[in-house]
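This is what each chain is made of:
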Amino acid sequence: YPDTCRVPRVPRMLYPKAHVLQPTRVDVLLMTPWFAPIIWDGTYDSAILNAQFKNTTIGVVVFAIKKYVVFLKLFLETAEKYFMVGHRVIYYILTDRPADVPQIPLQEGRRVVILKVRNYTRWQDVVLHRMEMISNFSQQRFLHEVDYLVSADVDMKFSDHVGVEILSSLFGTLHPGFYASDRRRFTYERRPLSQAYIPEDEGDFYYAAALYGGSVAEVYRLATACHQATLIDKANGIEAVWHEESHLNKYLLYHKPTKVLSPEYVWDERMLRKPPYLRRLRYVAVPKNHAQIRSR
Ligand code: 2GW
Ligand code: MN
């Protein structure tokens, strides 16, 4: 698979040649200091990428615990339209309410697998334990069934193309609220007692937990490490400020992602005004009534 072990062979293809002296974008950063590409519209050719990632199976891990099952219909319907079109996809739906999972017609080569999981009384535990469940199911199933894993929030919809351009050994997404911020403004965990602690003078980006992924082996490592960190925090009587997002950010600081997705890939139209360099909104928050959806 591209970027994880071998260089794939591609067939003869006709496409416009790239120009070394004509950068595709001059308005945004295209490369991290560790040479991971940052994915923006206009920088890639889907025809080449689709050929490289031919015969790749992508697993989507999506949690729909308690009332969040209501988000599944729109999530799945829009994913069928925009997510990895033409590739093999398994939607792993982790839920405590299997009977409430809607039946959505799927394109060929795509299927839903419902994995029944327990729920937790505290919502903080619902989000934190996502890492434990991803870790466990990776060993049990994902490692044997798919090449890449994409973990996605369910309270979102796809509104434009999200394809194999995102795939890499380990990828994270720039959080739409912080991509332009100074690192001191990032809402990292700042208490040294927590395993998620990041000091003020460190940090590359603030990554959103709503969309990240990589090869199954790398996501397994990430989820296991974040789960372990959560357990240590618990034993020390502390809970990271943004739950698994805090632990994800700590992990990605010391395990630099091999691709970084621009905020095109996680956006919130209610919270943010779209700047001109953001040409496409691909995966956007669905407005929710927090009080209603989060009550039992
Ligand atoms: C979460 C918070 C409060 C009450 C309920 C829940 C909840 C979340 C739930 O009852 N059932 C459930 O399935 N979830 C799953 O966790 C679901 O997949 C959801 O999309 C995900 C994250 O919760 P969400 O979307 O309500 O949190 P956001 O939109 O504020 O997202 C950010 O912050 C979270 C942690 O506080 C996570 O890090 C999330 O990944 C972030 O995008
Ligand atoms: Mn969310």
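Draft legend 1. Just unusual backbone geometry, in detail. Non-glycine residue Phe35 carries a positive phi angle of around 65 degrees. Along the chain, the position of Phe35 falls in the segment before β1 (38–39). Residue Lys66 is not a glycine yet carries a positive backbone phi of 55 degrees. Tracing the chain through its elements places Lys66 in the loop between β2 (57–64) and α2 (72–82). For Lys66, a relative accessible area of 13% corresponds to the buried category.

Draft legend 2. Local environment of the coordination of the manganese ion (ligand 2). On the protein side, the manganese ion (ligand 2) has Asp153 (OD), Asp155 (OD) and Asp155 (OD) as donor atoms, found 2.2 to 2.5 Å from it. Across the pair, Asp155 and Asp153 agree in class, each one buried.

Draft legend 3. Layout of the packing of helix α4 (residues 216–235) against helix α5 (residues 243–254). Closest axis-to-axis distance for the α4/α5 pair is 10 Å, and the angle between their directions is 125 degrees. Considering their axes alone, α4 and α5 lie oblique with respect to each other. α4 and α5 meet at a crossing whose hand is right-handed. The segment α4 lies against α5, with Glu218, Arg221, Leu222, Ala225, Cys226, Ala229, Thr230 and Asp233 engaging His247, Leu248, Tyr251 and Leu252.

Draft legend 4. Looking closely at the nonpolar core. Membership of the largest hydrophobic core comes to 41 residues, with the highest contact counts inside it found for Phe75, Phe83, Ile166 and Leu167. Of all the secondary structure elements, the ones that give two or more residues to this core are β2, α2, β3 (88–95), β5 (148–152), β6 (156–158) and β8 (207–215). In contact with Ile166, other than residues within four places in its own chain, are Met84, Val150, Phe171, Lys259, Leu261 and Tyr265. With 40 residues, the next largest nonpolar core counts Leu115, Leu170, Leu222 and Val284 among its residues.

Draft legend 5. Spotlight on the site of ligand 1. Lining the immediate surroundings of ligand 1 are 19 residues, of which Phe63, Ile65, Tyr68, Arg130 and Glu244 lie closest. At a separation of 3.1 Å, an oxygen atom of ligand 1 approaches a polar backbone atom of Val154. Measuring from an oxygen atom of ligand 1, one finds a side-chain N or O atom of His243 at 3.0 Å. For ligand 1, whose accessible area on its own is 720 Å², the fraction buried by protein is 91%. According to the grid-proximity analysis, the pocket containing ligand 1 is the largest pocket.

What counts, and where the lines are drawn
- Residues numbered from 1 in each chain as written.
- Chains lettered and ligands numbered in written order.
- Predicted model: local features only at pLDDT ≥ 70, side-chain atom pairs only at ≥ 80, totals over all residues.
- Heavy atoms only, no water.
- Helix = DSSP H or I, 4+ residues; strand = E, 2+ residues; numbered from the N terminus.
- Buried < 20%, exposed > 50% of the residue type's maximum accessible area, 1.4 Å probe, protein only.
- Donors = N, O, S within 2.8 Å, 3.2 Å for Na, K, Ca; no water.
- Axes fitted to C-alpha atoms, helices over the stretch in contact; angles between N-to-C directions.
- Parallel < 35°, antiparallel > 145°, perpendicular 65-115°, else oblique.
- Left-handed = near helix turned anticlockwise from the far one by under 90°.
- Contact = heavy atoms within 4.5 Å.
- Core = buried A, V, L, I, M, F, W, Y, C linked by side-chain atoms within 4.5 Å.
- Near = heavy atom within 4 Å.
- Polar contact = N/O pair within 3.5 Å; in protein donor to acceptor, adjacent residues only side chain to side chain.
- Areas by Shrake-Rupley, 256 points an atom, 1.4 Å probe, with all protein chains shown as cover.
- 1 Å grid on protein atoms, 1.4 Å probe; cavity = no way out; pocket = protein on both sides within 12 Å on 5 of 7 lines; lining within 4 Å.
- Sits in = over half its atoms within 2 Å of the grid points.

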